[in-house]
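# Examining the three-dimensional arrangement
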Amino acid sequence: MEFIFTYRKSVSYNIILNFVMQNTNLLAHLRRFTLHDFRELRKFIRSPYFNQREDVIRLFDHFDTVLNNKKGGSVKKEDVWKAVFSKSKI
């Protein structure tokens, strides 16, 4: 069971990093959102009906930090990893 969880975690990590780091348009698209649209996206991502994954919420929160120039926001792979998976239970 531990192997499956670790495998799933690494697979989701690879999917997230490949999408984020190779497709740099994500932040460009998020920057184009109006404040209202960004709030609606936040509600959608935090909704347990549409999203049941905590790592996606932490990823969104990290990008929110980056977009608002808050302290600790970076798009380096290591920083995204820490932001998304440092609070995960292994």
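Below, the structure is looked at part by part. (Residues numbered from 1 in each chain as written. Predicted model: local features only at pLDDT ≥ 70, side-chain atom pairs only at ≥ 80, totals over all residues. Heavy atoms only, no water.)

## Considerations on helix H4 (residues 54-67)
- In this model H4 runs 20 Å from its N-terminal to its C-terminal C-alpha over 14 residues, within 8% of the 20 Å that 1.5 Å per residue would give.
- With ten of 14 residues buried, H4 lies mostly within the body of the structure.
- Asn69 lies just past H4 and shows a positive phi near 55°. (Helix = DSSP H or I, 4+ residues; strand = E, 2+ residues; numbered from the N terminus. Expected span 1.5 Å × (residues − 1). Buried < 20%, exposed > 50% of the residue type's maximum accessible area, 1.4 Å probe, protein only.)

## Observations regarding the nonpolar core
- The biggest cluster of nonpolar side chains holds 13 residues, and the ones touching the most others in it are Leu27, Leu30, Leu59, Phe63 and Val84.
- Those elements that provide at least two residues to this core are helix H2 (25-32), helix H3 (35-46), H4 and helix H5 (77-85).
- Top contributing element to this core by residue count: H4, with five residues. (Core = buried A, V, L, I, M, F, W, Y, C linked by side-chain atoms within 4.5 Å.)

## Quick look at the side chain of Asp55
- As for its placement among the helices and strands, Asp55 is situated in helix H4.
- What makes Asp55 buried here is its relative accessible area of 8%.
- Reaching out from Asp55, the side chain makes a polar contact with the side chain of Arg53 at a distance of 2.6 Å. (Polar contact = N/O pair within 3.5 Å; in protein donor to acceptor, adjacent residues only side chain to side chain.)

## Side note on the packing of aromatic side chains
- This structure, assessed with the given rule, holds four aromatic pairs.
- Seen in terms of ring centroids, Phe44 and Phe50 are 4.7 Å apart; in terms of plane orientation they differ by 35°. Their pairing is tilted.
- For the ring pair Tyr49 and Phe50, a centre distance of 5.0 Å and an interplane angle of 90° mean the geometry is edge-to-face. We note that Tyr49, like Phe50, is exposed.
- Through pairs of rings, three or more aromatic residues link up here, namely Phe44, Tyr49 and Phe50. (Phe/Tyr/Trp six-rings, centres within 6.5 Å; stacked < 30°, edge-to-face > 60°.)

Take it as geometry only, folks, not as evidence of what the structure does.
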